[in-house]
Every structure is written in structure tokens, then in C-alpha cells.
Amino acid sequence: LTIRGGSDLGDARREARLHRALGPARGGHLVDRYGSEVSVLLAMIDGDPALAEPLSPELPYLGVEVVYAARYEMATTLDDILSRRTRARLRDIRATSAIAAKVAALVADDLEWDAARQAHEVETVRRSMNHELDAAALPHPFELVS
């Protein structure tokens, strides 16, 4: 029994690393995270090459990953995408706050969010990040982008 995404990794790695919009590093990143399921993400990038771009210089995640989370992984909130699907919030809370609105806009069509819902999701996740810092009695060494 093979776990989903666990078959044909050699072919998946070669296809992702040679993808014209990705290159070796980004292609390798996607294979490391999605295994042979990377073919779905590559097809999404073929449909919209902008999805191959990083969300932030400080984080390893690409636009296609957040859209994939909304479309195929049943993510329904911005916090779910930033905390659990990508783990961006755990890696760099400041960079994650800075990309929150961008991510909300990327997934808005798939999740049927209007501008008000996008703003609500961004506000909710940023408020949660501040609460997390407060609960841990950690200083706020920076302002979360609002």
C-alpha cells in the first residue's frame, strides 16, 4: 500500500525540477512537500504561471501551495492555510502577517470570499497572532502588519 503522493517520486522530481516556471529549487521544494501529487500543482502553475512565485522572500512557500490547500485539502480559513497547511505562521510570524492579505486574495475565488470576508480573515488571523504572543508573555518585537 502506497501513501498518497508516495509513488513515482523520481519521475515527479524530474518533472518538477525541469518545469519552466519553477526551476530546480522550487520544483524540489514542491516534490518534498507533495510527492507525486506535484503533478496537480504543476498543472495549476501551467494554468497560471504567477502561482510559481514565492509568497515572501522570508518563507519557502509558493502561491500554488495556498491555492492547492483551498482547492484540494479542504482548508476553509486563512488561519488553517497559514498555520497548518503551510506552517508559515510557525516559521516566521512577522512574514506571515505581511502575506496574509495576499494569501486571502489568492484563495478568495476558490473559497468564495468577497472583499469583506477577505478582510475579516486577515484581521482574525492577525488578532490571533497577537493573542498568541500575549498568552506566551512574549514581547512584541515588531508590529504585525495590519
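Counting from 1, residues in each chain are numbered in the order their sequence is written. Thresholds applied to this predicted model are a pLDDT of at least 70 for local features of residues and 80 or more for the giving and counting of side-chain atom pairs; totals over whole chains, interfaces and linings are not thresholded and use all residues. Note: side-chain values were computed over all heavy atoms of the structure, leaving out hydrogens and water.

Chemist: Pulling in residues and values, what's your account of the overall build of the protein chain?
Modeler: Looking only at helices and strands, one finds 8 helices and 0 strands in the protein chain. Where helices and strands are cited, they refer to DSSP runs of H or I of at least four residues and of E of at least two residues respectively, numbered from the N terminus. Listing the helices and strands of the protein chain from first to last along the sequence gives α-α-α-α-α-α-α-α. Buried, partly exposed and exposed residues are distinguished by accessible area as a fraction of the type maximum, computed with a 1.4 Å probe on protein chains only: under 20%, between the cut-offs, and over 50%, respectively. Buried residues in the protein chain amount to 45% of all 146 residues. By definition, residues are in contact when any of their heavy atoms lie within 4.5 Å. Taking all contacts inside the protein chain whose residues are at least 6 apart in sequence as the whole, residues at least 24 apart take part in 58%. Residue burial considers only the protein chains on display, and all accessible areas are found by Shrake-Rupley using a 1.4 Å probe. Carbon and sulfur atoms form 52% of the exposed surface of the protein chain, whose accessible area is close to 8,000 Å².

Chemist: Outline helix α2 (residues 23-34), listing residues and values.
Modeler: A helix is expected to span 1.5 Å multiplied by its residue count minus one. For α2, with 12 residues, the first-to-last C-alpha span of 16 Å sits near the 16 Å given by 1.5 Å per residue. Along α2, the positions that sit buried rather than exposed are G23, G27, G28, H29, L30, V31 and Y34. Positive backbone phi, at 60°, marks G35, one or two positions downstream of α2.

Chemist: An account of the nonpolar core is requested, with residue identities and associated values reported.
Modeler: Buried Ala, Val, Leu, Ile, Met, Phe, Trp, Tyr and Cys residues form a nonpolar core when they are joined through side-chain atoms within 4.5 Å. Formed by 42 residues in total, the largest nonpolar core has its most connected members in L30, V64, L78, I81 and V103. In contact with L30, other than residues within four places in its own chain, are L22, G35, V38, L41, I45, L62, V64 and E65.

Chemist: Break down helix α5 (residues 78-85) for me, with residues and values.
Modeler: Considered for burial, the residues of α5 that qualify are L78, D80, I81, L82 and S83. Buried residues along α5 sit against α4 (63-72), α6 (88-91), α7 (93-111) and α8 (115-135). Immediately beyond the C-terminal end of α5, within one or two residues, lies R87, with a positive phi of roughly 70°.

Chemist: Pulling in residues and values, what's your account of the pattern of salt bridges?
Modeler: Opposite charge on two side chains allows them to pair when their charged atoms are near. Note on definitions: salt bridges are taken to be side-chain nitrogens of Lys or Arg within 4 Å of carboxyl oxygens of Asp or Glu. Scanning the entire structure with this criterion turns up 9 salt bridges. The salt bridge involving D80 is made with R85; its shortest N-O contact spans 3.0 Å. Take R85: its relative accessible area is 27%, and that puts it in the partly exposed class. E132 is the partner of R89 in a salt bridge, and the nearest nitrogen-oxygen pair spans 2.7 Å. One end of the pair, R89, is in helix α6; the other, E132, is in helix α8, with 43 residues separating them in the sequence. By relative accessible area, R89 is classed as buried at 8%. If you follow the salt bridges from partner to partner, you end up with D79, R89 and E132 in one network.

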